Amino acid sequence: MIIRSPLPDVDIPKVDILTHLFPDDKPVSDTPVWIDAADPQKHLSPRQLLLWVKRLALGLDRLGVKHGDIVMLYSPNNIFVPVAYLGIVGSSRAFSAANPIYTVSEVTHQLKNTGAVCILAHPSMVKSAAEAAKAAGLSKERIFQFDDKPCPPMDGIRDWREMIASPEEAESYQWKRLRGEEAVKTVATINYSSGTTGLPKGVCVSHHNLIANVEQTIAIRWPDGGPSNERWVGFLPLYHAYGQLYVNLIATKCNVPCYVMKQFVYGDFLQHIQDFKITNLQVAPPILVMLAKRPETANYDLSSLKGMLCGAAPLSKELQNLVSQRFNVEIKQGWGMTEVTCGSILQRAASDNGTVGELIPNTDCKLLDDDGNEVGYDTPGEIFIRAPNVCLGYFKNEAATKEAISPDGWLKTGDVAIVNKEGLFWIVDRKKELIKVNALQVAPAELEAVLLQHDDVADAAAVGITLNDEEWPRAYVALKDHARGKVTEQQIQQWMKGKVAKHKQLVGGIQFVDEVPKLASGKIQRKVMREWAKRDAVI
Ligand code: ATP
Ligand code: MG
């Protein structure tokens, strides 16, 4: 059974992303779009951005960076990150950002893997960038300091503003226009997946993929043509697909003011919502947990908020309803992955809370069981997606690409879902994380949801542990402060007996931990859990 998006197809022009965002026949806005949340006097309008983009593009031309070369950004968010992104992508180079918390060896890995020929590095990361460049054999001359203000040279490393062209020279710059198949095949970004299951993989996304996901998302979220009268906080990291789609692309296309945060501090975030009368947010589940649980939330007036989109990790219906009612906002959930540019399934109606919603336009989906047979309604199966936002593949990894994308364009996602007759999806689990107990499948997400219902449990994660050649569910549980040292494993085991079937019991044991290892997006770091389980199995 192939499931089609319930929405009519949208037009996805085969052009380059810059031409799409700045069409020749549309005036470029002078109103600020990227505003420094900590210092709102600092801002950029689309017109200013476009000039900076051209200056950077011309600067890269003169530096000898060729079309198709990869340029790396290694910086936290600031209002110039969209300039770097669009300057690199818009001039037919590929943009690849390193996570600012990466260590030297992690940056070296990404630098070597991508073969990036130039790095824009925040002053606080210049040292690491230089070490990584040395290890990767990249000349120091190709590293530039990158910040929202000019920086004095450091160890001979210049400021990026010294490399770019002057405004006068850049004004008439013509970027390389892509048409037809060129737009479909040219790599725009190489983002790295979160690495929650293994080593992060470089995902090649084309200009056409970007334009597709911008248009598909606008069509399902804003049927009137785009967000109007909205104000956002730009706190999602701009090295990741989620932040990029909204702050770099949709904000540019629709002139949505974004108050950019350099780093996420919860109190500042609340203050910005109050001060700038923020109307809408793109978030991940941990933000909703903070809104629900942190006492300081009550000190701020958040009444300007109207809506939120929550994606990146599982969100329970209870939390969704709770935050939605308390703040009188509509919270819609979405599902996506780096391999679909950003998102493929989005919730439209508040009455569908608890689901991730429906397929975005231009999207086909099928759910397959373990034997590769298509399943029908209300039966779990692995999600396969065929759509114009499905990436080109993994960077320099043909084997992984072949495994993930079939010759006829189906992306194997690794996520397991159920769809009902109305076309609404529930994410049930991730396939490679399922625990096999005597050939029966146990979903860690289910065990985690049950454990979280226990009054003394603050957080929990389940994983398979191999004991005597057999796999069993094991849980790592963080107790609430008041329960630490008091509640025992036996008590929780006893409680679980009444909650889940025999094969789902935590035969592999429960280990109490201070904290469940999670990324800021709310994703459980399964590879850490698996290492714990391996260690515990030996003991
Ligand atoms: P890696 O593939 O490197 O292990 P990752 O899959 O965590 O990392 P991302 O591309 O950032 O990297 O995340 C995509 C994944 O996030 C999806 O495959 C899915 O498992 C999860 N996800 C996203 N949105 C949701 C959601 N609404 N509910 C449940 N899971 C979600
Ligand atoms: Mg993944």
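Everything numeric in this text was worked out from a predicted model, so none of it was measured.

**Thoughts on the site of ligand 1**
With respect to spatial proximity, 22 residues lie near ligand 1, and among them S193, T196, T197, T338 and R430 are the closest. One of the backbone nitrogen or oxygen atoms of G195 is found 2.7 Å away from an oxygen atom of ligand 1. For ligand 1, an oxygen atom lies 2.6 Å from a polar atom in the side chain of T338. When residues of the shell around ligand 1 are assigned to their parent elements, the largest contribution, 4 residues, is made by strand β15 (residues 330–336). Class assignment for the residues of the shell around ligand 1 results in 7 nonpolar, 11 polar and 4 charged.

**Notes on helix α4 (residues 104–114)**
For α4, every residue scored as buried is listed here: V107, T108, Q110, L111 and T114. When α4 is viewed along its axis, its buried side chains cluster within an angular range of 165° and face the same direction. More than 90 degrees from the buried face of α4, the exposed residues found are S105 and K112. Residues of α4 that are buried make contact with β4 (70–74), β5 (94–97), β6 (118–121), α5 (126–136) and β9 (187–192).

**Comments concerning the pairing of strand β16 (residues 343–346)**
Of the strand pairs in this sheet, β15 and β16 are connected by 3 bridges, and their pairing is antiparallel. Residue pairing in the sheet places W335 in a bridge with I345 of β16. Connecting β15 to the antiparallel partner β16 that follows it, the hairpin turn spans 6 residues, and T341 within it adopts a positive phi of roughly 70°. With 2 bridges connecting them, β16 and strand β17 (residues 358–359) associate as antiparallel partners. Of the residues in β17, the one forming a bridge with L346 is E358.

**So, unusual backbone geometry**
Generally, phi is negative for residues other than glycine and the peptide bonds are trans, each holding for most cases. Of note, the phi angle at N229 is positive, near 55°, even though the residue is not glycine. Following the sequence through the fold, N229 ends up in the loop between α9 (207–221) and β11 (232–234). Of note in the backbone geometry, A439 takes a positive phi value of approximately 70° without being a glycine. Among the structural elements, A439 can be located in the loop between β23 (435–437) and β24 (440–442). For A439, a relative accessible area of 68% gives the class exposed.

**Topic: the sheet that holds strand β1 (residues 3–4)**
Where strands meet in a sheet, backbone hydrogen bonds hold them as pairs that are either parallel or antiparallel. With antiparallel pairing, 5 strands are arranged side by side in an open sheet as β1-β18-β19-β21-β22. Looking at the sheet topology across the chains shown, the edges are occupied by β1 and β22 (425–430).

**Brief notes about the pairing of β5**
Strand residues, when the strand is regular, have side chains that alternate between the two faces of the sheet. What you see with β5 is no split at all: A94 and S96 on one side and F95 and A97 on the other are buried throughout. In this sheet, β5 lies alongside β4 in parallel orientation, the contact comprising 4 bridges. Paired with M72 across the two strands is S96, which belongs to β5. Between β4 and its parallel partner β5, the chain crosses via helix α3 (residues 81–90), and the hand of that crossover is right-handed.

**A word on the nonpolar core**
Judged by nonpolar contacts, the single largest core of 123 residues is most densely connected at W160, F269, L288, L291 and F425. With near-sequence residues (within four places) excluded, L291 lies in contact with Y266, L270, T297, L302, M308, V323, R326 and F327. L447, V450, V457 and V500 belong to the second-largest nonpolar core, a separate cluster that totals 30 residues.

**What about the side chain of D147?**
Its place among the elements puts D147 in the loop between β7 (143–145) and β8 (158–159). In terms of polar contacts, D147 uses its side chain to reach the side chain of K149, at 3.3 Å.

**Let's talk about the confidence of the model for the protein**
Looking at the protein as a whole, the pLDDT averages 95, with 100% of positions reaching at least 70. This prediction of the complex comes with two scores: 0.94 for pTM and 0.99 for ipTM.

Definitions and cut-offs
- Residues numbered from 1 in each chain as written.
- Chains lettered and ligands numbered in written order.
- Predicted model: local features only at pLDDT ≥ 70, side-chain atom pairs only at ≥ 80, totals over all residues.
- Heavy atoms only, no water.
- Near = heavy atom within 4 Å.
- Polar contact = N/O pair within 3.5 Å; in protein donor to acceptor, adjacent residues only side chain to side chain.
- Helix = DSSP H or I, 4+ residues; strand = E, 2+ residues; numbered from the N terminus.
- Nonpolar A, V, L, I, M, F, W, Y, C, P; charged D, E, K, R; others polar.
- Buried < 20%, exposed > 50% of the residue type's maximum accessible area, 1.4 Å probe, protein only.
- Arc of directions from axis to C-beta.
- Contact = heavy atoms within 4.5 Å.
- Pairing = 2+ DSSP bridges.
- Right-handed = clockwise from strand over helix to strand, strands pointing away.
- Core = buried A, V, L, I, M, F, W, Y, C linked by side-chain atoms within 4.5 Å.
- pLDDT = per-residue confidence, 0-100.

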